Amino acid sequence: MELGIGMFGDVHIDPITGKMQSAAKRTQEIVEEIKLMDDVGVDFFGMGEHHRVDYAVSSPEIILAAAATVTKNIKLGSAVSVISSADPVKLFQDFSTVDLISNGRAEIMAGRGSFIESFPLFGYDLKDYAELFEEKLELLLRLNKQETVTWSGKFRKPLINQEVFPRPVNGSLPIWVAVGGTTSSVIRAGKLGLPVMFAIIGGAIENFKPLFEVYRQAWADNGHAMEEFQVGVHMHAFFGENGQEVANQYYPLYAAQMNRIGASRGWPPYQRSQYDFGRSIHGHLVVGDVNQSVEKILHVIEMFGLTRFSAHMDVGSPNHMDMMKAIELYGTHIIPKVKEALK
């Protein structure tokens, strides 16, 4: 069982003035936060890719390369790399380089992403949304398995006996697939024998059980060994010493970010009742003190048969010192209690 942290690189926005924190400041804070994760025993870190003014990170691999130089043990991956609008060759080379710098700690989490800004930015048409993902994932997997590649597709020039370097430390990289609620994506990952990270970022967690069952069945039906089965969840989280105090402190930041995103997607204003349900045993939020968080994480692990749990901790960009405190609590108290309970 691995317990880690994911971030999207939200920049802090002053609730009164609306002034945004600089991307330079936020990226420096992120590297410091990852270093602390390594120091306190967090198993893995995932960095998201976004191309918006309210997120500081457009290239996860750059942040991960910086983090590799100040950490020793923590796994370093994307969360996610928007593979549909990326060049799989360059993506593989970049993460192979991170793997070399980190001595074999790099991972790729491939996904469609929850935002679409990268499509016009890199010259892709949204009408090709599904085809782009399928073709580019297939090429990425080929590159990961073969040093010399011959390949052709619809959206990229062919590769003819092309050698791709550098190679990762162990010859290949762990590649995960991130999914939301799409059954076809889950079945595809199961057929390919790829580990899946489910994003549970709203509603009742019980609603996701059928997707986990479909994934497990697709994995087994396609002859993949169950001892190699890996599955995780990504859930919004924040931790404090007092459960009600941290919930009250975090709510304005979280609600403001939900409303910023919702404004472009037609969502109604975010309500405290949604937040309180999210914090309940049935909801998608892990926000509270150590004991509340341990109980919720163990509940989710047992419900879905997880091998990995990712706490997405910077939604709304809490203050850096509050982030550092939450990371410390997670690494020194929550993770040990969860792992002890699972023995």
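Starting afresh in each chain, residues are numbered from 1 along the sequence in its written order. Note on the predicted model: pLDDT of at least 70 is required for a residue's local features to be given, and 80 or more for side-chain atom pairs to be given and counted; whole-chain, interface and lining totals, by contrast, use all residues. The basis for the side-chain values is all heavy atoms of the structure; hydrogens and waters are excluded.

(A) Local environment of the overall build of the chain. Helix and strand counts for the chain stand at eleven helices and twelve strands. A radius of gyration in this sense is built from C-alpha atoms; the matching globule rule multiplies 2.2 Å by the number of residues raised to 0.38. In summary, the chain has a C-alpha radius of gyration of 19 Å against a globular reference of 20 Å for 343 residues, a match within 12%. Considering only C-alpha atoms, the chain reaches an extent of 60 × 45 × 40 Å along its principal axes. With 343 residues in all, the chain has 53% of them scored as buried. For the chain, the proportion of contacts with a sequence separation of at least 24, taken over those separated by at least 6, is 71%. The Shrake-Rupley method, run with a 1.4 Å probe, gives the accessible areas here. Residue values count only the displayed protein chains as cover. As displayed, the chain has an accessible area near 14,800 Å², and 53% of this comes from carbon and sulfur atoms. Counting rule applied: Lys, Arg positive; Asp, Glu negative; His and chain ends not counted. To locate a charge, the coordinates of NZ of Lys, CZ of Arg, CG of Asp or CD of Glu are taken. Taken together, the 32 basic and 40 acidic charged side chains of the chain have centroids lying 2 Å from each other. Comment: elements are numbered from the N terminus, with helices defined as DSSP H or I runs of at least four residues and strands as E runs of at least two. The cut-offs for exposure are 20% and 50% of the maximum accessible area for each residue type, with area from a 1.4 Å probe on protein chains only; residues under the lower value are buried, those over the upper are exposed, and the others partly exposed. Throughout, a residue-residue contact means that at least one pair of heavy atoms, one from each residue, lies within 4.5 Å.

(B) Quick look at the pairing of strand β3 (residues 75-78). For two strands to count as paired, DSSP must find a minimum of two bridges between them. By the bridge criterion, four bridges tie strand β2 (residues 44-47) to β3 in an arrangement that is parallel. If you follow Gly46 over to β3, its bridge partner there is Gly77. Tracing the backbone out of β2, into helix α2 (residues 60-68) and back to the parallel element β3 gives a crossover that is right-handed. Two elements, β3 and strand β5 (residues 106-111), share two bridges in a ladder whose sense is parallel. Looking at the pairing, Leu76 lines up with Ala106 of β5. By convention a crossover is right-handed if, when the strands point away from the viewer, the path from the first strand over the helix to the second runs clockwise.

(C) Local environment of the side chain of Asp10. Topologically, Asp10 is positioned in the loop between β1 (2-7) and α1 (23-40). We define a salt bridge as a contact between a side-chain nitrogen of Lys or Arg and a carboxyl oxygen of Asp or Glu at a distance within 4 Å. No salt bridge is formed by the buried Asp10; its nearest oppositely charged neighbour, Arg260, is found at 6.1 Å. Residues within four places of Asp10 in sequence aside, it is in contact with Arg26, Asp54, Tyr55, Gln257, Asp314, Val315, Gly316 and Ser317.

(D) Layout of the side chain of Arg279. Tracing the chain through its elements places Arg279 in helix α9 (residues 272-279). The buried charged residue Arg279 lacks any salt bridge partner; its closest oppositely charged side chain belongs to Asp276, at an N-O distance of 4.8 Å. In contact with Arg279, not counting residues within four places along its chain, are Gly243, Gln244, Ala247, Leu285, Val287, Gly288, Gln292 and Lys296.

(E) Focus on helix α11 (residues 320-342). Its 23 residues give α11 an end-to-end C-alpha distance of 31 Å, which sits within 8% of 33 Å, the value for a rise of 1.5 Å per residue. A maximum bend of about 40° is found in α11 at Tyr330. Buried within α11 we find His320, Met323, Met324, Ala326, Ile327, Leu329, Tyr330, Gly331, Ile334, Ile335 and Val338. The inward-facing, buried residues of α11 abut β1, α1, β10 (231-239), α10 (290-304) and β12 (308-312). The N-cap of α11, judged by a side-chain oxygen 2.8 Å from the amide nitrogen of Met321 a few residues on, is Asn319. A helix is expected to span 1.5 Å for every residue after the first. What is called the bend at a residue is the angle between a pair of axes, fitted to the seven residues leading up to and ending at it and to the seven starting from it. Any pair of N or O atoms that falls within 3.5 Å is considered a polar contact. Within protein, one atom must be able to donate a hydrogen and the other to accept it, and sequence-neighbouring residues count only if both atoms are side-chain atoms.

(F) Molecular detail of the pairing of β1. Of all the six residues making up β1, six are buried; the element is thus mostly covered by neighbouring parts of the structure. Of the pairings in the sheet, the one linking β1 to β12 comprises five bridges and is parallel in character. Within β12, the residue paired with Leu3 across the bridge is Phe309. Note: β1 against β2, three bridges, orientation parallel. Within β2, the position partnered with Gly6 by the bridge is Gly46.

(G) Just unusual backbone geometry, in detail. In this structure, Val80 follows Ala79 across a cis peptide bond, with omega equal to 10°. Positionally, Val80 belongs in the loop between β3 and β4 (81-82). A cis amide bond links Phe165 to the next residue, Pro166, at an omega of 0°. In this structure, Pro166 sits in the loop between β7 (159-163) and β8 (175-179). Positive phi, normally seen in glycine, also occurs at Asn161, with a value near 45°. Checked against the element boundaries, Asn161 lands in strand β7.

(H) Quick peek at the packing of α1 against α2. Every axis in this analysis is a line fitted to C-alpha atoms, fitted for helices over the stretch in contact. Angles between the N-to-C directions lie between 0 and 180 degrees. Running from N to C, α1 and α2 point in directions that differ by 50°, and their axes come no closer than 9 Å. Our classification of the angle between α1 and α2 gives oblique. With respect to the hand of their crossing, α1 and α2 are arranged in right-handed fashion. Facing α1, whose interface residues are Thr27, Ile30, Val31 and Ile34, α2 presents Ile63, Ala66 and Ala67. All residues other than Ala, Val, Leu, Ile, Met, Phe, Trp, Tyr, Cys, Pro, Asp, Glu, Lys and Arg, Gly among them, are scored as polar; the first ten of these are nonpolar and the last four charged. Residues belonging to the contact of α1 with α2 are distributed by class as follows: six nonpolar, one polar and no charged. Angle categories are assigned with fixed cut-offs, so that under 35 degrees is roughly parallel, over 145 is roughly antiparallel, 65 to 115 is roughly perpendicular, and the rest are oblique. By the definition used in this description, the sense in which the near helix is turned from the far one sets the handedness, with an anticlockwise turn below a right angle giving left-handed and a clockwise turn giving right-handed.

(I) Fine view of the pattern of salt bridges. In the structure shown here, the tally under the stated rule is 18 salt bridges. When the shortest N-O distance is used, the salt bridge between Arg156 and Asp87 registers 3.0 Å. With a gap of 69 residues between them, Arg156 in the loop between β6 (148-151) and β7 and Asp87 in the loop between β4 and α3 (88-101) connect regions that are remote in the sequence. Overall, the relative accessible area of 25% leaves Arg156 in the partly exposed class. With its nearest N and O atoms 3.3 Å apart, the salt bridge here joins Lys127 to Asp128. What makes Lys127 exposed here is its relative accessible area of 65%. Look at Asp128 and you get buried, because its relative accessible area is 11%. Connected via shared salt-bridge partners are Glu2, Lys75, Glu107 and Arg308.

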